[in-house]
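Residues per chain, in single letters:
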Amino acid sequence: MQQYDVVIIGAGAAGLMCAAQAGYRGRQVLVLDHAPKAAAKIRISGGGKCNFTNLNVKPEHYITQNPHFVKSALARYPSSQFIELVERHAIDYEERSHGQLFTMQGAGQIIQMLRQECDWAEAKIQLNTHIHKLEAQADVGFIIQTSEGDYMAQSLVVASGGLAYPKLKASDFGHRIAQKFGLNVMPSRPGLVPLVFKSSWKDWFSELSGLSMEVEIRSAGHIFREAMLVTHHGISGPVVLQTSNYWQPGQPIEINLLPDKDVLAELKQLKSQSQSLNKWLSQLTTKRFSQAWLAKYPLDKPLAECTDKELEDYALSLSQWRLYPEDTAGYDKAEVSLGGVDTNEVSSKTFESYKQPGLYFIGEVLDVTGHLGGYNFQWAWASAVACAQAV
Ligand SMILES: Cc1cc2nc3c(=O)[nH]c(=O)nc-3n(C[C@H](O)[C@H](O)[C@H](O)COP(=O)(O)OP(=O)(O)OC[C@H]3O[C@@H](n4cnc5c(N)ncnc54)[C@H](O)[C@@H]3O)c2cc1C
């Protein structure tokens, strides 16, 4: 049986970062992954350009049962440190809206950088490895039986990620390990995911599919303003993905289609100048959207004949358009999963489980989900670095 100081399950963002950092501390590290390639999610992230962090990372950008949990790791490894690492590897990057940083040449560079760091730190990565059995043994640590042999480790780090995107080998393995050792796991659901509609709404959106417009969406007390993209099944785009983290089935969402406009004042002006509603709305959105909107929400009489109350109601239909999504598009289309290993079960400083000494959880397997914008990777890096100091 081969012996290591640290075995890490999952060669994704958090696992590779932790491996390199622990390796630099002189720990003998082995990373195991059942997938044929390391860090598959990094490769497809950010549309292939990897939104690897954000210039403005705050605890408020994270959703977790215990909002204080993320503070320590994020403070100890701010995004500036990851940016420094990226610069040391001569990776070109650009800042996009909302402080989001993306590689210029492609996400593969981030994977290459992490693998290079693991090589320099002499941390071993072993892919295509299926874990059959895990056991904790007093004085020994952990025994890990796999398709490629058996291993012993003092510390076991679970970095197996969340449930989103199962076609890239996402699994609930980390949650099952937590449960095996008696840790609580918060229920999971898809996050950063499109919202879908059924029957007539689905058909309505499908007709408009491909359309993109900047809107403001309010849901469950949270408000986001970014681009909305209409799809064949409903709505997507950054503003919808952000909203999906907070939306619960059965709840409405409220869309302000014209967030820069005082819609009532404009309708009153249109009325006084006897102008066309269709022309006005076409100019502010698109001809296609305006026509579809007016077919769905026609004014039952000419603008000139509308009372102030009728104008007010119509203005509200545009600025507080209330919709009831049927569901999310599910894990297949989600960027993350909400829920995961209960943050009350692990130390926010070391990420070690309180119930099982030597067992650590980092990255998305924990009940920590970031907003869209590089926050999820920053969580993976920061939790990995904190854990690597402790293993
Ligand atoms: C399409 C898409 C785009 C995204 N874009 C961005 C972005 O631009 N910016 C951002 O911040 N976040 C983005 N994310 C989210 C981000 O990818 C994740 O939050 C991040 O990868 C989580 O890191 P992790 O190391 O915890 O898990 P992962 O990176 O998912 O790594 C987990 C690893 O564990 C392995 N594993 C799972 N089960 C087992 C098992 N049973 N045995 C062995 N190994 C196992 C997996 O194969 C995987 O390699 C995106 C996600 C998706 C799906």
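Details of the structure are given in the entry above.
Residues numbered from 1 in each chain as written. Predicted model: local features only at pLDDT ≥ 70, side-chain atom pairs only at ≥ 80, totals over all residues. Heavy atoms only, no water.

Peer 1: Would you mind showing me how to read the packing of aromatic side chains here?
Peer 2: How two aromatic rings sit relative to each other is set out by the distance from centre to centre and by the angle between their planes. Going through the model one piece at a time under the given rule, you end up with 23 aromatic pairs. The interplanar angle of 45° and the centroid separation of 4.9 Å between the aromatic rings of Phe197 and Phe205 together place this pair among those described as tilted. Both residues of the pair, Phe197 and Phe205, belong to the buried class. Taken together, a centroid distance of 5.5 Å and an interplanar angle of 15° make the contact between Phe377 and Trp381 stacked. Separated by four residues within a single helix, Phe377 and Trp381 lie in helix α13 (residues 375-388), roughly one turn from each other. Both residues of the pair, Phe377 and Trp381, count as buried. Through a chain of ring-to-ring contacts, the aromatic side chains of Phe197, Trp201, Trp204, Phe205, Phe289, Trp293, Tyr297 and Trp321 assemble into a single cluster. The ring of Phe102 has Arg96 sitting right over it, with the charged end atom 3.7 Å from the ring centre. Above the plane of the ring of Trp201 lies Lys296, whose end atom (NZ or CZ) is 4.3 Å from the centre. (Phe/Tyr/Trp six-rings, centres within 6.5 Å; stacked < 30°, edge-to-face > 60°. Buried < 20%, exposed > 50% of the residue type's maximum accessible area, 1.4 Å probe, protein only. Helix = DSSP H or I, 4+ residues; strand = E, 2+ residues; numbered from the N terminus. Lys NZ or Arg CZ within 6 Å of the ring centre and 35° of its normal.)

Peer 1: Can you walk me through the site of the ligand in this structure?
Peer 2: Around the ligand, the structure places 30 residues, and the nearest of them are Ala14, Asp33, Ser171, Glu364 and Phe377. Note that an oxygen atom of the ligand is positioned 3.3 Å from one of the backbone N or O atoms of Asn376. At a separation of 2.8 Å, an oxygen atom of the ligand approaches a polar backbone atom of Phe377. Look at the ligand: alone it shows 1000 Å² of surface, and the protein chains cover 94% of it. Secondary-structure elements contributing two or more residues to the shell around the ligand are α1 (13-24), α2 (40-44) and α13. The biggest single contributor to the shell around the ligand is α13, with three residues. By residue class, the composition of the shell around the ligand is 13 nonpolar, twelve polar and five charged. (Near = heavy atom within 4 Å. Polar contact = N/O pair within 3.5 Å; in protein donor to acceptor, adjacent residues only side chain to side chain. Areas by Shrake-Rupley, 256 points an atom, 1.4 Å probe, with all protein chains shown as cover. Nonpolar A, V, L, I, M, F, W, Y, C, P; charged D, E, K, R; others polar.)

Peer 1: How should I be thinking about the pairing of strand β14 (residues 222-230) in this particular structure?
Peer 2: For a regular strand, side chains alternate in direction, first toward one face of the sheet and then toward the other. For strand β13 (residues 212-219) and β14, the ladder comprises eight bridges, and the chain directions are antiparallel. Across the sheet, the residue bridging to Ser219 is His222, located in β14. Between the antiparallel neighbours β13 and β14 lie two residues, among them Ala220 with a positive phi of about 45°. Summarising the sheet, β14 and strand β15 (residues 234-236) pair through two bridges and their orientation is antiparallel. Bridged to Val230 within β15 is Ile235. (Pairing = 2+ DSSP bridges.)

Peer 1: I would appreciate a short explanation of helix α10 (residues 277-284) in the present structure.
Peer 2: In an α-helix, one turn spans 3.6 residues; hence positions three or four apart end up facing the same way. Three or more residues of α10 are buried, namely Leu277, Trp280, Leu281 and Ser282. Summarising the contacts, the buried residues of α10 are in contact with α9 (263-272), α11 (287-296) and α12 (308-319). Backbone nitrogen of Asn278 and a side-chain oxygen of the N-cap are separated by 3.3 Å at the start of α10; the cap is Ser276. (Contact = heavy atoms within 4.5 Å.)

Peer 1: Honestly, the pattern of salt bridges in this entry has me stumped. Any pointers?
Peer 2: Considering all chains together, one arrives at twelve salt bridges under this definition. We note a salt bridge from Lys261 to Glu266, for which the minimum N-O separation is 3.9 Å. Among the ionic contacts, a cluster of salt bridges with common partners joins Glu214, Arg225 and Asp260. (Salt bridge = Lys/Arg side-chain N within 4 Å of Asp/Glu carboxyl O.)

Peer 1: It is not clear to me how the state of the cysteines should be interpreted in this structure. Could you clarify?
Peer 2: In protein chemistry, a disulfide is the covalent bond that joins the sulfur atoms of two cysteines. Considering all chains together, one arrives at zero disulfides under this definition. Looking at Cys118, it has no disulfide partner, and the nearest cysteine sulfur is the one in Cys18, 9.5 Å off. The class of Cys118 is buried, set by a relative accessible area of 0%. Cys18 provides the cysteine sulfur closest to Cys387, a residue in no disulfide bond, and the two sulfurs are 4.0 Å apart. (Disulfide = S-S within 2.5 Å.)

Peer 1: Sorry if this is basic, but what is going on with the sheet that holds β15 here?
Peer 2: Strand-to-strand pairing in sheets goes through backbone hydrogen bonds, with the strands running parallel or antiparallel. Spatially, seven strands are ordered β17-β16-β13-β14-β15-β12-β18 in an open sheet, and the strand pairing comes out antiparallel. The open sheet is flanked by β17 (321-323) and β18 (327-328), the only strands paired with a single partner. Both strand β12 (residues 195-196) and β18 contribute to a ladder of two bridges, which runs antiparallel. Paired with Val196 across the bridge in β18 is Asp327. On top of the sheet, helix α7 (residues 199-207) reaches β14, β15 and β17; it is set at about 125° to β17, its chief contact. (Axes fitted to C-alpha atoms, helices over the stretch in contact; angles between N-to-C directions.)

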